[in-house]
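# Topology and contacts: notes
One-letter residues, chain by chain:
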Amino acid sequence: MDNNNKFDRLLAEAVLFHGHLCAGQIIGVRIAMLGLRELGITDPKGEDRKKLIVFVEIDRCATDAIMTVTGCRVGRRNMKLIDHGKMAATFVNIETMQAVRIVSVADAREKAARMYPDLDKSAAQMKAYREMADSDLFVVQDVTVSLKPEDLPGPPLGKEICVECGETVLDRREIRLAGKVLCQRCAGQDHYFEPLAALRPPLDVRLSG
Ligand SMILES: [Zn+2]
Ligand SMILES: [Zn+2]
């Protein structure tokens, strides 16, 4: 299969999963194809499926395309979302620990607009991002990534109960403070919610019977 056919097939899969065709699907498919090529991984969803972990640095459209092309999923622990708001992703071969970070160049949008001045922004991007060479769209950084055993796929490592809230913490995500085991929230680290009331039973709906 030539590269164009392969791109079109992967893009169609990405659009089906993501729900629409957008510039992010095109960029995402291309980032993923490039990352796999750099690592020499040819069958990420088949015989190479245990070799790959991807770190994605943004939670936008392209992330869905990177998921469909690589087969990596958050729930399989082979996709890590590190939200730095950057169109960038790092592909790691965990057999060799070779890792490459692919970054979208800062002026990709401007280049697209210059290529197709008569089209609207999004149409220009979609057309240009298909046609531009990888070297006009991306830069590559050889990197090293530290992955702890508790970050890898497989059964959970460690299971602790937070002494403050009583909730269970898997995979060594607990914090030990003065000999106490705490979850990250109770340890005062970054958190995303504030409780409005005490814990309560769920709204009761019968699923059967
Ligand atoms: Zn989209
Ligand atoms: Zn806690």
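Residues numbered from 1 in each chain as written. Chains lettered and ligands numbered in written order. Predicted model: local features only at pLDDT ≥ 70, side-chain atom pairs only at ≥ 80, totals over all residues. Heavy atoms only, no water.

A word on the coordination of the zinc ion (ligand 1). Every protein donor of the zinc ion (ligand 1) is accounted for by His-18 (NE2), His-20 (NE2), Cys-22 (SG) and Cys-61 (SG), and the metal-donor separations fall at 2.1 to 2.4 Å. Written as a sequence motif, the donor arrangement for the zinc ion (ligand 1) is H-x1-H-x1-C-x38-C. Taken together, the residues Cys-22 in the loop between helix 1 (3–18) and helix 2 (23–39) and Cys-61 in helix 3 (residues 61–70) connect sequence positions 39 residues apart. (Donors = N, O, S within 2.8 Å, 3.2 Å for Na, K, Ca; no water. Helix = DSSP H or I, 4+ residues; strand = E, 2+ residues; numbered from the N terminus.)

Closest axis-to-axis distance for the helix 1/helix 3 pair is 9 Å, and the angle between their directions is 120 degrees. Classified by the angle their axes make, helix 1 and helix 3 are oblique. Between helix 1 and helix 3 the crossing geometry is right-handed. In this structure, helix 1 uses Leu-10, Glu-13, Ala-14, Phe-17 and His-18 to contact helix 3, whose residues at the interface are Cys-61, Asp-64, Ala-65, Met-67, Thr-68 and Val-69. Counted by class, the contact of helix 1 with helix 3 contains seven nonpolar, two polar and two charged residues. (Axes fitted to C-alpha atoms, helices over the stretch in contact; angles between N-to-C directions. Parallel < 35°, antiparallel > 145°, perpendicular 65-115°, else oblique. Left-handed = near helix turned anticlockwise from the far one by under 90°. Contact = heavy atoms within 4.5 Å. Nonpolar A, V, L, I, M, F, W, Y, C, P; charged D, E, K, R; others polar.)

What follows is about the packing of aromatic side chains. By the definition in use, this model includes one aromatic pair. With 5.2 Å between their ring centres and 70 degrees between their planes, Tyr-192 and Phe-193 make a pair best called edge-to-face. Overall, Tyr-192 belongs to the exposed group, its relative accessible area being 77%. Judged by relative accessible area, which is 39%, Phe-193 ranks as partly exposed. Here the basic side chain of Arg-73 rests over the ring of Phe-17, its NZ or CZ set 5.7 Å away from the ring centre. Across the ring face of Phe-193, the terminal group of Arg-185 is positioned such that the distance to the ring centre comes to 4.4 Å. (Phe/Tyr/Trp six-rings, centres within 6.5 Å; stacked < 30°, edge-to-face > 60°. Buried < 20%, exposed > 50% of the residue type's maximum accessible area, 1.4 Å probe, protein only. Lys NZ or Arg CZ within 6 Å of the ring centre and 35° of its normal.)

In this structure, Val-29, Ile-31, Leu-52, Val-54, Ile-66, Phe-91 and Tyr-129 are the most contacted members of the largest nonpolar core, which totals 37 residues. Those elements that provide at least two residues to this core are helix 1, helix 2, strand 1 (52–56), helix 3, strand 3 (88–93), strand 4 (98–104), helix 4 (108–115) and helix 5 (121–131). Per element, the largest residue contribution to this core is 10 residues, and it comes from helix 2. The contacts of Ile-31, once residues within four sequence positions are left out, are Ile-66, Met-87, Ala-89, Phe-91, Ile-102 and Phe-138. (Core = buried A, V, L, I, M, F, W, Y, C linked by side-chain atoms within 4.5 Å.)

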